[in-house]
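Here is how the chains run, residue by residue.
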Amino acid sequence: MTRTATTRSAWGTWIGFESCPTLLGRLVEGFAGPWIPLEDVPVPVASVASAVPASDADTARDGTLDAAPDGALDAAPDTTRDAARDAARNVTRDAAPGGTGAIGCVLLAARSPADLRRAVPLRGLLPTATRVRIAVADVPSWAAQPLPVAAPGACWRHLTEMRVTRRGRGWHLDAAFSEPVPAGDVVAHVANGLFGGCAATTPVAGLEGGVTADWRPGDPNVTLSPPGGPVPDRRDAPGCDLPLRQANGSVVAGPAVTGAAATSPGVTSSAVMSSGVTSSAATSPGVTSSAPAATGLTGSVLAGSVLAGSVLAGSVPAGSGSTGSVADGLLPPLDEAVINPIGFRRNPAQGIAVLAVRREGFVVALGTDKLVRLPASGRVTDVDIARLRDVRGVEVPGPQAAEGRTGEIARVVAALSAAGIPVLAAPDPARDRALGTALATALVAVTGEALASDLRREELSIRLRRAALREHGAAARWRGLALAAGLPVPPDPKVSILLCTRRPEMVPFAVEQMERQRGVSAELIVGLHGFTAREAAIPRTRLPLTVIEAPATTPFGEVLNRMAAVASGSCLAKVDDDDWYGPDHLADLLLARRYSGADLVGSAAEFVYLEPLDVTIRRCIGTERFVPLVAGGTMLVTRAAFEAAGGFRPLARTVDGQLLQAVEAVGGRIYRTHGLGYVLRRRSAYGHTWRQPVQSFLASFQEQWRGLVFNELMEDGARWRAEVTR
């Protein structure tokens, strides 16, 4: 990062610095501008760059770009802005196929990893260049280095030099190429390397300009369209399955059709709307609209209406004045890869912070200390979450103090909740409608008294994050929009539960633990190790059931492999026959897999019932982090990672630890989520595959209770307590 770029040969763009503009000017050495906000870059009307495969993108760039001078942002005089606009237009024209050559250097400055992911769907707005610099100003402590995942396209074949350096609290990447390459491809590959293999979001989306990028963060497989224009086709296929457009401050979503159909008389649009708002999208003569209630969509009329149905490409005028904070009555979806519980602290050292409304945005303060500044849109990043990890909770203003910013406050509340930061909020009907019933209900239980207890605070945190991520996560939001538009959606991932036991008397108990699982599609594979089905009383169950019998001489790992071979799920979950599982155990593991992107997830064996002593303890185990170890009775692994690791080793013991080691050895990632949905039962070490003695659990614990005790997320178990005391 030592070479100096000139205005003529360099083009710089930024994203995420609305609340801290002064940081941008001192972030990148040797670059004096012009700068342009990436979200303000217009989509070239005559370009199809965003509608072609990445390998062809370097031959499809054209059009003009707007720019703002360094440090001036939106406050620059018109003459200065015009000069910067002309300079950027000249540089971009030179980079076009008909110009004099590619731009020498494209520089993207992102405030946080979350902002880098928001830049990914806008990659088609970046020109080609022989040098690409990416500067991320701040990253949370758990974030990895921005090492790109090199795709097999033309981009990385021309790489001549790349440096990744630590700069303050952030990272800088500088890549040089022998031939011009699409800078947007480099950005997408760096974001992919930073966050790992997070699941793709469907359906394929069309975005109208930069403001709608909040709706598809991290997704390179989008199609950009100019305001009011049709979605350009891809090669031999429509450009998208579901376009997103702005219309007078609203975001309109619906199946794409050709631009010509937009003006055809007699065309009917079936618009599915939430909140029962009349559609204003169909403006062409003869276009009519019907509006049944949207299935699976919730929200309030805060800034327009929700439209999901047949929306005619090119028929909707460009929106004006939309900040993207609350669009079409639904909050913009949360990016699970960055707004999540990773880094949650069980014992926060600080008190309850307060969210205050300011003219330029929001401030989260603890006394006189300003912890976080948020933009007027209410957007929250992973860096903001990291700075709030040590507070016990955040109190948000009520209806009287909201100052007409109810929608933006709702967006902040949803993000904090998804991150597991408890929110204290007085009832607000408009805000609660935007948040949805599940999240609004979970907020009611959050009180200052409840947050004073670390255990109770974590229980509330888990309920909040479940509701927020399942209601407002990007995957859930787009699934709802697709269903409302009548598009097919992929099925939920199926979990194959591997239950292997040597004890016939434990089969009914173990099956009952899996029977109570909810919110997940599952099948049960029962392995009878050393006895037959005739010797076991296998109860009736609603779950699809497969029974495998194996002789006692067969190694435990081999029995598990036989069970996995007949399983049909995309994920395999190993459970033990004598432990207790909360009703959301499997659903929480799937949720953790989505937001972590890990190949194997599991819980911590925090809560242990020491049966010989009749004592329940809670151990000090770090959770919500990437680790090499999880409890063996809670492992959930993708089928791909399981097969890549070679399955279970055919051993009699330590098969759990061997699988964990193998997953890491082949490059997989392991994540440990919370342990409040699992209680390990520890009997004597004799006859157990895990030989650790009972007394060893007493060496270190945080809390202990007499008898068998469950936290609230286990949803009690009075009958089980009676059974262990008999």
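Reading the values: the criteria
- Residues numbered from 1 in each chain as written.
- Predicted model: local features only at pLDDT ≥ 70, side-chain atom pairs only at ≥ 80, totals over all residues.
- Heavy atoms only, no water.
- Pairing = 2+ DSSP bridges.
- Helix = DSSP H or I, 4+ residues; strand = E, 2+ residues; numbered from the N terminus.
- Buried < 20%, exposed > 50% of the residue type's maximum accessible area, 1.4 Å probe, protein only.
- Contact = heavy atoms within 4.5 Å.
- Salt bridge = Lys/Arg side-chain N within 4 Å of Asp/Glu carboxyl O.
- pLDDT = per-residue confidence, 0-100.
- Polar contact = N/O pair within 3.5 Å; in protein donor to acceptor, adjacent residues only side chain to side chain.
- Axes fitted to C-alpha atoms, helices over the stretch in contact; angles between N-to-C directions.
- Parallel < 35°, antiparallel > 145°, perpendicular 65-115°, else oblique.
- Left-handed = near helix turned anticlockwise from the far one by under 90°.
- Nonpolar A, V, L, I, M, F, W, Y, C, P; charged D, E, K, R; others polar.
- Core = buried A, V, L, I, M, F, W, Y, C linked by side-chain atoms within 4.5 Å.
- Phe/Tyr/Trp six-rings, centres within 6.5 Å; stacked < 30°, edge-to-face > 60°.
- Patch = residues over 30% accessible without salt bridge, like charges linked within 9 Å, V, L, I, M, F, W, Y side chains within 5 Å.
- Areas by Shrake-Rupley, 256 points an atom, 1.4 Å probe, with all protein chains shown as cover.

**A look at the sheet that holds strand E18 (residues 423–424)**
Taken together, the 5 strands give an open sheet; going across it, the order is E16-E15-E14-E17-E18, and neighbouring strands pair in mixed fashion. Each end of this open sheet is capped by a strand with a single partner; those strands are strand E16 (369–375) and E18. Alignment of strand E17 (residues 393–395) against E18, held across 2 bridges, turns out to be parallel. Looking at the pairing, Val 394 lines up with Val 423 of E18.

**A short note on the environment of Val 663**
Looking at the secondary structure, you find Val 663 in helix H16 (residues 655–665). When its relative accessible area of 1% is taken as the criterion, Val 663 is described as buried. Counting along the chain gives 20 residues from Val 663 to Glu 643, while the straight-line C-alpha distance between them is 9.5 Å. Setting aside anything within four residues of it in sequence, one finds Val 663 in contact with Asp 599, Leu 600, Ala 645, Gly 668 and Ile 670.

**Section: the pattern of salt bridges**
As enumerated under the stated definition, the model contains 43 salt bridges in all. With a shortest N-O distance of 3.2 Å, Asp 588 and Arg 470 are connected by a salt bridge. Of this pair, Asp 588 sits in helix H14 (residues 585–596) while Arg 470 is found in helix H10 (residues 454–472), placing the two residues 118 residues apart along the sequence. The buried category is assigned to Asp 588, whose relative accessible area is 7%. A salt bridge links Arg 542 to Glu 515; the nearest nitrogen and oxygen atoms lie 3.5 Å apart. Taken as a pair, Arg 542 in the loop between strand E20 (521–529) and strand E21 (545–550) and Glu 515 in helix H12 (residues 507–515) lie far apart in primary sequence, 27 residues in all.

**Looking at the confidence of the model for the chain**
Model confidence for the chain is summarised by a mean pLDDT of 80, while 75% of its residues fall at 70 or above. For residues 1–8, every residue scores under 50 in pLDDT, and the model assigns this stretch 23 contacts once sequence neighbours within four places are set aside. Predicted confidence is poor over residues 46–89, with pLDDT under 50, and the contacts of this stretch with residues over four places away or in other chains come to 84 contacts.

**Concerning the side chain of Asn 711**
Within the secondary structure, Asn 711 sits in the loop between strand E31 (703–706) and helix H17 (718–725). Within the structure, Asn 711 has its side chain in polar contact with the backbone oxygen of Leu 676 (distance 3.1 Å). Ignoring any residue separated from it by four or fewer positions in sequence, one finds Asn 711 in contact with Glu 459, Phe 607 and Leu 676.

**Remarks on helix H11 (residues 474–484)**
Listed in full, the buried residues belonging to H11 are Ala 474, Arg 477, Trp 478, Gly 480, Leu 481, Ala 482 and Ala 484. Following H11 by one or two positions, Gly 486 has its phi on the positive side, about 80°.

**Let's talk about the packing of helix H6 (residues 406–418) against H10**
Running from amino to carboxyl end, H6 crosses H10 at an angle of 120°, the nearest separation of the two axes being 7 Å. On the basis of their axis angle, the class for H6 and H10 is oblique. Relative to H10, the crossing made by H6 is left-handed. Residue-level contacts link Ala 414, Ser 417 and Ala 418 of H6 to Leu 464, Arg 465, Ala 468, Leu 469 and His 472 of H10. In terms of residue class, the contact of H6 with H10 is built from 5 nonpolar, 2 polar and 1 charged.

**Topic: the sheet that holds strand E22 (residues 571–575)**
Spatial ordering of the open sheet is given by E21-E20-E19-E22-E28-E24-E29-E27, a layout of 8 strands whose pairing is mixed. Strands at the two margins of the open sheet, each flanked by one partner only, are E21 and strand E27 (625–626). Pairing between E22 and strand E28 (residues 636–638): 3 bridges, direction antiparallel. Looking at E28, one finds that Cys 571 is bridged to Thr 638. Each of strand E19 (494–501), E20 and E22 is contacted by H12, which is oriented at about 165° to E19, the strand it contacts most.

**Some words on the nonpolar core**
Counting residues in hydrophobic clusters, the biggest one holds 136 residues, and the most contacted among them are Leu 38, Leu 116, Ile 134, Val 186, Leu 355, Val 495 and Ile 497. Residues Ile 525, Val 630, Met 635 and Val 655 belong to the second largest nonpolar core, which totals 27 residues.

**A short note on the packing of aromatic side chains**
Scanning the entire structure with this criterion turns up 10 aromatic pairs. Residues Phe 509 and Trp 580 carry aromatic rings whose centres are separated by 6.0 Å and whose planes lie at 90° to one another, so their mutual orientation is edge-to-face. Taken together, the positions of Phe 509 in helix H12 and Trp 580 in strand E23 (residues 580–581) put the pair 71 residues apart, joining distant regions of the chain. Of the two residues, Phe 509 and Trp 580, both sit in the buried class. Seen in terms of ring centroids, Tyr 581 and Tyr 678 are 5.2 Å apart; in terms of plane orientation they differ by 45°. Their pairing is tilted. Of this pair, Tyr 581 sits in strand E23 while Tyr 678 sits in strand E30 (residues 678–682); the two residues are 97 residues apart in sequence, bridging distant segments of the chain. Members of the aromatic cluster, joined through ring pairs, are Phe 509, Trp 580, Tyr 609 and Phe 710.

**Here's the deal with the pairing of E16**
Strand direction decides the pairing type here: strand E15 (residues 361–366) and E16, joined by 6 bridges, are antiparallel. Directly across from Leu 366, in E16, lies its bridge partner Asp 369.

**Some remarks on a nonpolar patch on the surface**
Together, Leu 613, Leu 698 and Phe 701 line one region of the surface with nonpolar side chains, adding up to about 220 Å² of accessible area. Inspection of the secondary structure puts Leu 613 in the loop between strand E25 (607–610) and strand E26 (615–618).

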